[in-house]
Amino acid sequence: RVAIANFGPHPTLEEAVQGLKDALADAGFAEGEGVVYEYSHGNFDPSLTPQILNRLEAWGPDVLVTVTTPMTQASREIIQDKDLPIVFAVVTLPVEAGLVPSWERGSERYVGSSNLQSMDAVIGFARDLLGEVTSFGMLYNTGDINDVNLVRYAEEAAGRHGLAFRSEGVESAADIQTRATALAGVDFIYVPASSLLQPGLPAVAVAADRMNIPVINASHPGVRDHTVLASMAISWDRVGYNAGRLVAEILGGKRPSELANHRPAIEEHSALVSGRRLAQRGMTLPAALAGCDCV
């Protein structure tokens, strides 16, 4: 019995959930045969989180899967059974969030799969796509510890590459467009894998278009629908798959503290470019990306 608590029904998060199920099927826990799922999401409304977690705990799962940092953080206080193993997925910085003691080991309750993206990969891709860049900006959710810590990661990466860096905090979806406008003058805007910002990507795009600033997103769906120019993303399916492998280990008798957390490798990143957006900017695919099969 595997309960899945998802923060909201975004395509990237659904990819992670499907990846989790695929991993369990590959490990011999096929749906309807070796495993039964109970799935619920909160439509990105934090006020619904307690209700979802309480209901799923009452179902009596063998493992609880929490998708995103807000859902995982909430489970620390809401889940009353402290012996219930919890596997997280799409938690960017689980050590900084206080969920696990290190990347190499889970805690007594938690272990999971991160979606931490390499900012060096993002900057390298931006230079390949846009040419010489000297600055970039980033929006972040001030209420999400992962987003706050990602600002530090981005600032450190900017320093390594000699770029100026600016960040703007966002408190709610209604603030996104206004705060994006405050990044005027940067060479590109990076939108992280934030549970607040990803659903608000169209608002970022509207502001960026007015300022003629390209947007590089942390996931591909916004490029596939031509909302933004490009993305450098980890494989969301793989993040879920790695979480599913941990669930299988726990169903096999392991405890979270006996397992290591998963951090995406460089080869688990891929680029995508919107051909429509490229043409709108009067650009052609640069030689640095020739043969990338990423348009």
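Starting from 1, residues in each chain are numbered consecutively following that chain's sequence as written. Given that this is a predicted model, residues contribute local features only at a pLDDT of at least 70 and side-chain atom pairs are listed and counted only at 80 or more, while totals for whole chains, interfaces and linings are drawn from all residues. For the side-chain quantities, the full set of heavy atoms in the structure was used; hydrogens and water were omitted.

1. Observations concerning helix 7 (residues 201-211)
Now for step 1: Only protein chains enter the accessibility calculation, which uses a 1.4 Å probe; a residue is then buried when its area is under 20% of its type maximum, exposed when over 50%, and partly exposed in between. Runs of E in the DSSP output that reach at least two residues are strands. Runs of H or I that reach at least four are helices, and both are numbered from the N terminus. Residues of helix 7 that are buried include every one of L201, A203, V204, A205, A207 and A208, and no others.
Now for step 2: In this description, contact between two residues means that some pair of their heavy atoms is separated by no more than 4.5 Å. Looking at the buried residues of helix 7, the elements they touch are strand 6 (135-141), helix 6 (176-181), strand 8 (189-191), strand 9 (215-217), helix 8 (221-224) and helix 10 (275-280).
Now for step 3: Two residues or fewer past helix 7, N212 is found with a positive phi of approximately 60°.

2. A word on empty space enclosed by the protein
Where empty space is left in the structure can be found by rolling a water-sized probe over the atoms.
Now for step 1: Detection works on a 1 Å grid of protein atoms alone, calling trapped sets that fit a 1.4 Å probe cavities and calling open sets with protein on both sides within 12 Å along at least five of seven lines pockets, with lining residues defined by an atom within 4 Å of a point. Grid points are joined across faces, edges and corners, and a volume is the space filled by probe spheres set on the points. Following the criterion strictly, the structure yields 3 cavities of 30 Å³ or more and no others.
Now for step 2: By volume, the largest cavity is sized at about 140 Å³.
Now for step 3: In terms of lining, the largest cavity is formed by 18 residues, of which the most central are T68, V90, A193, S194 and S195.
Now for step 4: Secondary structure elements with two or more residues in the lining of the largest cavity: helix 1 (11-26), helix 3 (69-78) and helix 5 (145-160).
Now for step 5: Amino acids are sorted into nonpolar (Ala, Val, Leu, Ile, Met, Phe, Trp, Tyr, Cys and Pro), charged (Asp, Glu, Lys and Arg) and polar (every other residue, Gly among them). Of the residues belonging to the lining of the largest cavity, the class tally is 7 nonpolar, 9 polar and 2 charged.

3. Here we look at the sheet that holds strand 9
The strands that make up a sheet are held in pairs by hydrogen bonds between backbone atoms, and each pair lies either parallel or antiparallel.
Now for step 1: For two strands to count as paired, DSSP must find a minimum of two bridges between them. Pairing is mixed across the open sheet formed by 6 strands, whose spatial order is 7-6-8-9-10-11. Either end of the sheet is taken by a strand with one partner, and the two such strands are strand 7 (164-170) and strand 11 (269-273). For this sheet the average axis-to-axis angle between neighbouring strands, irrespective of direction, equals 20°.
Now for step 2: Pairing of strand 8 with strand 9, which is carried by 3 bridges, proceeds in the parallel orientation. Here an axis means a line fitted to C-alpha atoms, over the contact stretch when the element is a helix, while the angle between two N-to-C directions is reported on a 0 to 180 degree scale.

4. Remarks on the environment of V17
Now for step 1: In this structure, V17 sits in helix 1.
Now for step 2: Expressed as a C-alpha distance, the spacing of V17 and A126, which sit 109 residues apart in the sequence, is 29 Å.
Now for step 3: Leaving out residues up to four positions away in the same chain, V17 has contacts with I4, N6, Y39 and V67.

5. A short note on the sheet that holds strand 1 (residues 2-6)
Now for step 1: Sheet architecture is open: 5 strands sit in the order 2-1-3-4-5, paired in parallel fashion. Edge positions in the open sheet fall to strand 2 (37-41) and strand 5 (110-113), since each of these has one partner strand only. Neighbour-to-neighbour, the strand axes of this sheet turn through a mean angle of 20°, independent of strand direction.
Now for step 2: Here strand 4 (residues 86-89) runs beside strand 5; their pairing, made up of 4 bridges, is parallel. Bridge pairing in strand 5 places I86 opposite Y110.
Now for step 3: Lying on the sheet, helix 1 is in contact with strand 1, strand 2 and strand 3 (63-67); it crosses strand 1 at an angle near 165°.
Now for step 4: The sheet strands contacting helix 3 are strand 1, strand 3, strand 4 and strand 5, and the helix crosses strand 3 at an angle near 135°.

6. Description of the pairing of strand 1
A regular strand places its side chains on the two faces of the sheet in alternate fashion.
Now for step 1: With 5 of 5 residues buried, strand 1 lies mostly within the body of the structure.
Now for step 2: Burial of the side chains of strand 1 extends over both faces: V2, I4 and N6 are buried on one face and A3 and A5 on the other.
Now for step 3: The pairing of strand 1 with strand 2 spans 5 bridges and is parallel. Within the sheet, the bridge partner assigned to N6 lies in strand 2 and is H41.
Now for step 4: A crossover gets the label right-handed when its path from the first strand over the helix to the second runs clockwise, viewed with the strands pointing away from the viewer. The parallel pair strand 1 and strand 2, bridged by helix 1, forms a crossover whose chirality is right-handed.
Now for step 5: Across 5 bridges, strand 1 lies against strand 3 in parallel orientation.

None of this, on its own, says anything about what the molecule does.
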